[in-house]
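Observations on the three-dimensional arrangement
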Amino acid sequence: MPPLKKPVIPIADQRQLSALPLPLDPAEPALPPRDQLGRPLRDLRISVTDRCNFRCSYCMPKQVFDKHYEFLPHADLLSFEEITRLARQFVALGVEKIRLTGGEPLLRKNLERLIAMLAELRTPAGQPLDLTLTTNGSLLTRMAQRLKDAGLGRVTVSLDGLDDAVFQRMNDVGFPVAEVLDGIAAAQAAGLGPIKVNMVVKKGVNDAEILPMARHFLGSGVRLRFIEYMDVGSSNGWRMDEVLPSAQLLQRLREAFTVEPLSRSVAGETAERWRISQGGLSSEIGLISSVSQAFCGDCNRARLSTEGKLYTCLFAHRGTDLRALLRGPASDAQIAASLAGLWSQRSDRYSQLRGAGMGTDGQGNADTGERRVEMHYIGG
């Protein structure tokens with residue numbers, strides 16, 4: 001694939017909110033909406049930057065995201081005030097959890113200020129949000145305490161292996177695994193927990209790291225999650241033969257540990273939870289199986305891109321422009337009503353349709369051949 005010189009950003013959705021009927025004077029706050037499949041809106045993932053200091057092959061392969069790649073200019077990014085304004089309306093519509101993502105979110109300057117602003121939000125019942133962040137861990141050692149002090153609840157750290165050669169080959173910038181482990185330790189010391197560690201598993205690349213990772217975090221309080229290599233975006237050269245189905249991964253764990261199923265902790269949870277035990281120690285692990293066992297049926301997540309496009313599916317081609325509303329004359333009530341209307345139109349179930357052998361564009365329609373949105377642009 002030749003290097004791309006422009007951002008891999010899908011065109012604006014034809015259903016842009018600026019083109020939707022905008023309530024001029026909503027008499028009552030919008031009721032918590034449900035989409036076409038009856039799913040509520042509970043989880044908002046906010047990308048604060050499209051930049052990353054790693055070049056993981058499954059997300060930002062170096063041959064595509066090279067020194068010539070044009071990232072978004074700063075003026076195009078949503079400000080912290082704009083993000084918080086939107087988040088407040090999402091919370092009014094039922095969002096209980098906000099996850100900050102990227103790219104690598106810790107590259108966004110003064111991120112602690114945004115965290116402090118979001119930490120002040122409350123649900124209609126007066127409860128604080130579950131405020132989380134996903135990071136590659138490279139900057140966590142020096143930032144963990146500041147993030148906690150600003151109001152962050154917990155972190156998820158991406159770590160694709162313990163063997164240094166394997167890990168450096170995965171991140172493709174020569175970053176050592178020891179520094180990520182130091183970041184995890186710093187996050188634990190700061191109280192950013194329970195910490196989750198995400199491992200994307202590619203067959204023949206890092207699947208030999210499954211058992212070492214499980215042994216390393218056994219009894220540590222860290223919740224390790226194994227993620228099937230997914231066909232997110234169009235730049236990672238995804239192939240089905242590089243997917244290790246979770247059922248096979250679970251069998252490997254059974255051969256080394258005592259494995260017991262755990263019940264789901266919350267509705268819409270992406271991971272199937274298990275407890276592994278050995279030698280008097282135990283840990284919770286999770287299996288995220290969007291390729292082999294689609295879980296679209298209760299998906300309650302929306303994703304906000306760095307410059308304000310809303311995506312209602314991780315595998316979507318197009319987003320809906322919210323920045324135009326934020327920078328226009330719309331009131332908060334009008335924005336909330338429009339968000340509710342957009343969510344009520346949602347029918348996404350990409351993974352289920354893919355599993356059934358049906359082409360889809362991420363909105364439940366026939367695949368048009370357009371590029372899907374890249375993971376670094378809206379987070380995982």
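Residues numbered from 1 in each chain as written. Predicted model: local features only at pLDDT ≥ 70, side-chain atom pairs only at ≥ 80, totals over all residues. Heavy atoms only, no water.

**Describing the packing of aromatic side chains**
As a reminder, the rule being used: Pairing of aromatic rings covers Phe, Tyr and the six-membered ring of Trp, with a centre-to-centre limit of 6.5 Å; geometry is then stacked below 30 degrees between planes, edge-to-face above 60, and tilted otherwise. Helix and strand assignments follow DSSP, with helices taken as H or I runs no shorter than four residues and strands as E runs no shorter than two, numbered in order from the N terminus. Classification of residues uses two cut-offs on accessible area relative to the type maximum, computed with a 1.4 Å probe and protein chains only: under 20% is buried, over 50% is exposed, and between them is partly exposed. Remark: a charge is flagged as sitting over a ring if the NZ atom of Lys or the CZ atom of Arg is within 6 Å of the ring centre and within 35 degrees of the ring normal.
Following the criterion strictly, the structure yields 4 aromatic pairs and no others. With a centroid separation of 6.3 Å and an interplanar angle of 75°, the aromatic rings of F54 and F167 are classed as edge-to-face. Remark: F167 occurs in helix α4 (residues 164–171) and F54 occurs in the loop between β1 (43–47) and α1 (80–92); sequence separation between them is 113 residues. Across this residue pair, the class does not change: F54 and F167 are buried. Between F54 and F175, the aromatic rings sit 5.2 Å apart at their centres with planes inclined by 50°, giving tilted as the arrangement. Placement of the pair is F54 in the loop between β1 and α1 and F175 in the loop between α4 and α5 (177–190), with a sequence separation of 121 residues. For F175, a relative accessible area of 15% corresponds to the buried category. Members of the aromatic cluster, joined through ring pairs, are F54, F167 and F175. Geometry around Y229 places K202 over its ring, the cationic atom sitting 4.7 Å from the centre.

**Describing α1**
Note the following rule: Expected helix span is taken as 1.5 Å per residue step, with the number of steps being one fewer than the number of residues.
In this model, α1 (13 residues) spans 18 Å end to end at C-alpha, consistent with the 18 Å of a helix rising 1.5 Å per residue. F80, E82, I83, T84, L86, A87, Q89, F90 and V91 are the residues of α1 that are buried. One or two residues past the end of α1 sits G94, with phi positive at roughly 120°.

**Brief notes about the confidence of the model for the protein**
Note the following rule: As a per-residue quantity, pLDDT reports the predictor's confidence and falls between 0 and 100. Residue contacts follow a heavy-atom distance rule, with two residues in contact if any of their heavy atoms lie within 4.5 Å.
On average, the protein scores 86 in pLDDT, and the residues at 70 or more come to 82%. When the criterion is pLDDT under 50, residues 1–21 qualifies, and its contacts beyond four places in sequence or with other chains add up to 58 contacts. Below a pLDDT of 50 lies the segment residues 360–368, which in the model reaches 28 contacts outside its immediate sequence neighbourhood of four places, other chains included.

**Quick word on unusual backbone geometry**
Cis geometry is adopted by the peptide bond preceding G103, which originates at G102 and carries an omega value of 20°. Summarising the element assignment, G103 is placed in the loop between β2 (97–101) and α2 (111–119). A cis amide bond links G193 to the next residue, P194, at an omega of 5°. Along the chain, P194 turns up in the loop between α5 and β5 (196–201). Positive phi is not limited to glycine here, since N110 has a value of about 60°. With respect to the element layout, N110 can be found in the loop between β2 and α2. By relative accessible area, which is 47% here, N110 ends up partly exposed. With phi around 60°, D172 is a residue other than glycine that occupies positive phi space. For D172, a relative accessible area of 30% gives the class partly exposed.

**Quick word on the packing of helix α6 (residues 210–217) against helix α7 (residues 246–256)**
So the rule is basically this: Note on definitions: angles span 0 to 180 degrees between N-to-C directions of axes, and those axes are lines fitted to C-alpha atoms, for helices only across the stretch in contact. Angles below 35 degrees are treated as roughly parallel, those above 145 as roughly antiparallel, those between 65 and 115 as roughly perpendicular, and all remaining angles as oblique. Put simply, a crossing is left-handed when the front helix is turned counterclockwise from the back one by less than a right angle, and right-handed when it is turned clockwise. When residue character is reported, Ala, Val, Leu, Ile, Met, Phe, Trp, Tyr, Cys and Pro are called nonpolar, Asp, Glu, Lys and Arg charged, and the others, Gly included, polar.
Two elements in contact, α6 and α7, have axes separated by 10 Å at closest approach and are oriented at 55°. Taken as axis vectors, α6 and α7 run oblique relative to one another. α6 and α7 meet at a crossing whose hand is right-handed. The residues of α7 that touch α6, namely those facing I210, L211, A214 and R215, are L249, R252, L253 and A256. Per-class residue counts for the contact of α6 with α7 are 6 nonpolar, no polar and 2 charged.

**Looking at the nonpolar core**
Considering soluble globular proteins, one finds that nonpolar side chains tend to be buried as a cluster. Stated precisely, the cut-off is as follows: Side-chain atoms within 4.5 Å link the members of a nonpolar core, which is a set of buried Ala, Val, Leu, Ile, Met, Phe, Trp, Tyr and Cys residues.
Grouped together as the largest cluster of nonpolar side chains are 109 residues, with contacts concentrated most on I98, L100 and L159. Non-local contacts of L100, meaning those with residues more than four positions away in its chain, are made with I46, V48, P105, L111, L114, I115, L118, T132, L133 and T134.

**Details of the pairing of strand β6 (residues 223–228)**
Cut-off, in case you're wondering: Two strands are counted as paired when DSSP detects at least two bridges linking them. Look down the strands so they point away from you; if the path from the first strand over the helix to the second goes clockwise, the crossover is right-handed.
With 5 of its 6 residues buried, β6 lies for the most part within the structure. As judged from the 6 bridges shared by β5 and β6, these two strands associate in the parallel manner. Within β6, the position partnered with K196 by the bridge is R223. Of the crossover connections in this fold, the one passing from β5 over α6 to the parallel β6 is right-handed.

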